[in-house]
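Structure assessment
Take a look at the letters that make up each chain.
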Amino acid sequence: FHGGPLVAQAGRPWVADLTRRLRWPAAIAVLDGARIAISASTAASSTMSPFHATIGVRHSLVTRALGRAYLAWCPEEELRILLRMLEVSSDPEDHPPNLERVVRAVIATTRRQGYALRDPKVEPRSSNTVAVPIMLDTTVAGTIGMSFFRSAVSQRALLEDLVPALRQASLEITASMKRLQRSAPEAT
């Protein structure tokens, strides 16, 4: 495994564990062009999910938590390439007025907080998503997030329960990816 399949394979047990413990659906996403694509999800198995099937759904890097977490921790060179790709997007979520200024502000906020949230102006407004990066060495291998109903999760619960659980799961996924890479048979 490498790339997206590696992250999904390594992360499946961890997103399942998050949903089992915290009840909210969890997802892992990977970069897909200038979008973020869900590669593993527990939305179908969570009784408290704001969404149904989400595997393969592609979201904006600019407005969605999973994408924002990616942008905030990707290298500057990659960010510049992604900004050029976003500039030609026809999706208003991908290309707001003053794109670079908006993205730089999102990055600053996300890095300062240590996690990303969905833009509150995008639908569905009754729910939110919080996300953190999954790092492999110095690169963002993917992102992991949880979605929840805004009315059911307080700021305190977000900061004391969801964010720490996501950060721990991210570290565990990184460790799992490294184990999978070490155990892969050498190419001949």
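Residues numbered from 1 in each chain as written. Predicted model: local features only at pLDDT ≥ 70, side-chain atom pairs only at ≥ 80, totals over all residues. Heavy atoms only, no water.

1. Some words on the side chain of serine 60
Secondary-structure assignment places serine 60 in strand β3 (residues 58-60). Of note is the side chain of serine 60, whose polar atom sits 3.0 Å from the backbone nitrogen of valine 62. A polar contact of 3.2 Å, which involves the side chain of serine 60, links it to the backbone oxygen of glutamate 93. Discounting residues that sit within four places of it in the chain, serine 60 has contacts with Arg35, Ile36, Gly67, Glu93 and Asp94. (Helix = DSSP H or I, 4+ residues; strand = E, 2+ residues; numbered from the N terminus. Polar contact = N/O pair within 3.5 Å; in protein donor to acceptor, adjacent residues only side chain to side chain. Contact = heavy atoms within 4.5 Å.)

2. Quick look at the sheet that holds strand β4 (residues 116-117)
The antiparallel open sheet is built from six strands, whose spatial order is β3-β2-β1-β6-β5-β4. The outermost strands of the open sheet, each flanked by one partner alone, are β3 and β4. Across two bridges, the pairing between β4 and strand β5 (residues 127-136) is antiparallel. From the neighbouring strand, alanine 116 faces β5, where its bridge partner is alanine 131. Taken strand by strand, helix α5 (residues 155-183) contacts β1 (26-32), β4, β5 and β6 (139-149), and its axis lies near 35° from that of β5. (Pairing = 2+ DSSP bridges. Axes fitted to C-alpha atoms, helices over the stretch in contact; angles between N-to-C directions.)

3. A word on the nonpolar core
Core analysis: the biggest nonpolar cluster contains 29 residues, and Val130, Ile144 and Met177 have the highest contact counts within it. Of all the elements in the fold, those that place two or more residues in this core are α1 (3-22), β1, β5, β6 and α5. Counting 23 residues, the second-largest nonpolar core is a separate cluster that includes Ile36, Tyr70, Ile107 and Ala131. (Core = buried A, V, L, I, M, F, W, Y, C linked by side-chain atoms within 4.5 Å. Buried < 20%, exposed > 50% of the residue type's maximum accessible area, 1.4 Å probe, protein only.)

This is a description of form; function is not addressed.
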